[in-house]
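Each chain, written out:
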Protein chains: 2
Amino acid sequence: MSEQPAYRFAVNVTPKPGILDPQGRAVEKSLPHLGIAGVSGVRVGRRVELTVRAVDVAAARGVVDRLASELLSNPLMELYDVEALG
Amino acid sequence: MSEQPAYRFAVNVTPKPGILDPQGRAVEKSLPHLGIAGVSGVRVGRRVELTVRAVDVAAARGVVDRLASELLSNPLMELYDVEALG
């Protein structure tokens, strides 16, 4: 059996709008100490990159979607999107 | 004085190749429990989205680069890239 093709993806997980983001607030509060002005709306999330072997890109994306919704994000508080890489 | 235009960016921070990534290993180890096969090379990083007001997009990107290298990433262990959004 020949090996299935490999696809690389990124899953970007961000806090839903309206959900408190203490890490984002912490970044905003540290900006004056760095002498940086004009920055707002900081939201801190996660980025997970991974490789999936599957029969085709649609099947691979299906695996990534399942992983993103069941393991990598909390659907109550976070949104995710899947990005195909390289 | 009129307000400067606003630009939205994402900063993607990922562990450098060769640097241990315990979160990525944890994800890989939990895959069999979910009945998911064919996934490898999991790397867990951060994604920070932010808005910058500046005279033009080049100046805004300069602010983001400084923020990314001085506050959002650890240059010894992590790589970052800046992505223009919307």
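Bear in mind the structure is a predicted one, so any value in this text is a computation, not a measurement.

1. A word on the relation of the copies chain B and chain A
Item 1. Mapping chain B onto chain A leaves a residual RMSD of 0.0 Å; the transformation is a rotation of 180° accompanied by 0.0 Å of translation along its axis. Look at the turn and shift together and you get a two-fold axis relating the two. Judged by C-alpha distance, Arg46(B) is the residue of chain B that lies nearest the rotation axis, at 2.0 Å.
Item 2. A symmetric contact is evident, with 100% of the interface residues of chain B recurring at the interface of chain A.

2. Topic: the packing of helix α2 (residues 57-72) of chain A against helix α1 (residues 22-34) of chain B
Item 1. The contact between α2(A) and α1(B) brings their axes to 12 Å, and the two run at 100°. As judged from the angle between their axes, α2(A) and α1(B) are roughly perpendicular. Along its contact with α2(A), which presents Arg66(A), Leu67(A), Glu70(A), Leu71(A) and Leu72(A), the element α1(B) presents Val27(B), Ser30(B), Leu31(B) and Leu34(B).
Item 2. The class makeup of the residues in the contact of α2(A) with α1(B) is six nonpolar, one polar and two charged.

3. Description of the confidence of the model for chain A
Detailed reading of the predicted model is not advised wherever pLDDT is low.
Item 1. Across chain A, the average pLDDT comes to 95, with 98% of residues at 70 or higher.
Item 2. This prediction of the complex comes with two scores: 0.92 for pTM and 0.91 for ipTM.

4. Description of the interface of chain B and chain A
Item 1. Each side of the interface is counted separately: chain B has 31 residues, and chain A has 31 residues.
Item 2. Applying the counting rule to chain B against chain A returns zero salt bridges.
Item 3. On the surface where chain B and chain A come into contact, there are 12 residue pairs in polar contact (both at pLDDT 80 or more).
Item 4. Of all the secondary-structure elements, those providing two or more residues to the side of chain B that touches chain A are β1 (6-15), α1, β2 (39-53) and α2 (57-72) of chain B.
Item 5. Here the side of chain B that touches chain A is built from residues that sort into 14 nonpolar, nine polar and eight charged.
Item 6. Bridging between strand β2 (residues 39-53) of chain A and β2(B) involves 11 bridges; their strand directions are antiparallel. Paired with Thr51(A) across the two strands is Ser40(B), which belongs to β2(B).

Conventions and cut-offs
Residues numbered from 1 in each chain as written. Chains lettered and ligands numbered in written order. Predicted model: local features only at pLDDT ≥ 70, side-chain atom pairs only at ≥ 80, totals over all residues. Heavy atoms only, no water. Least-squares fit on C-alpha atoms with pLDDT ≥ 70 in both. Contact = heavy atoms within 4.5 Å. Axes fitted to C-alpha atoms, helices over the stretch in contact; angles between N-to-C directions. Helix = DSSP H or I, 4+ residues; strand = E, 2+ residues; numbered from the N terminus. Parallel < 35°, antiparallel > 145°, perpendicular 65-115°, else oblique. Nonpolar A, V, L, I, M, F, W, Y, C, P; charged D, E, K, R; others polar. pLDDT = per-residue confidence, 0-100. Salt bridge = Lys/Arg side-chain N within 4 Å of Asp/Glu carboxyl O. Polar contact = N/O pair within 3.5 Å; in protein donor to acceptor, adjacent residues only side chain to side chain. Pairing = 2+ DSSP bridges.

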